[in-house]
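Spelled out from the first residue to the last, the chains are:
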Amino acid sequence: MPVLVYLHALLGVFLLLAVPALALVGLWGFLRPLPPRFYAGLRGVAWVAILQVVLGFLLFFLGLRPKEGLHLLYGLLLAAGLHYLGGLEPGGWFHRGLKDPPKRPELFVALGLLFALGLVLRVYFTGR
């Protein structure tokens, strides 16, 4: 059990550093298209967030987490948001599924990452 708690905390610190870094780099999306490597990194961070949510729910069912119930909701919203933002890459799974895909999806990715930045801070402060 302590290993799961430690892994959950370690992944949380990773997300606390990675999401602001992605948001900072994503600001370039307001000016020009983002490179495919950026989207690959975004999808990687999204999968880390999904793993974090799975661990969080496992800890919750074991009675170890959270102190505040909103922590689970914010974490779930963050993971889902990052997953959908990663799919907005031109030709990506979410971009292809849209009836009318945006011509400049990087604008939505940049705005979505700013929202994700607020969510990651909210997750951190409700889970402490």
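Notes on the structure follow. (Residues numbered from 1 in each chain as written. Predicted model: local features only at pLDDT ≥ 70, side-chain atom pairs only at ≥ 80, totals over all residues. Heavy atoms only, no water.)

So, the environment of Leu10
In this structure, Leu10 sits in helix α1 (residues 2–26). Taking relative accessible area as the criterion, Leu10 reaches 45% and is therefore assigned partly exposed. Sequence separation of Leu10 and Gly97 is 87 residues, and the distance between their C-alpha atoms is 34 Å. (Helix = DSSP H or I, 4+ residues; strand = E, 2+ residues; numbered from the N terminus. Buried < 20%, exposed > 50% of the residue type's maximum accessible area, 1.4 Å probe, protein only.)

What about the layout of surface pockets?
Empty space among the atoms becomes visible once a probe the size of a water molecule is rolled across them. For the largest pocket, the calculated volume is near 410 Å³. The set of elements that each furnish at least two residues to the lining of the largest pocket consists of α1, α2 (36–61), α3 (70–86) and α5 (105–127). Residue composition of the lining of the largest pocket, by class: 14 nonpolar, 7 polar and 2 charged. (1 Å grid on protein atoms, 1.4 Å probe; cavity = no way out; pocket = protein on both sides within 12 Å on 5 of 7 lines; lining within 4 Å. Points joined across faces, edges and corners; volume = space filled by probe spheres on them. Nonpolar A, V, L, I, M, F, W, Y, C, P; charged D, E, K, R; others polar.)

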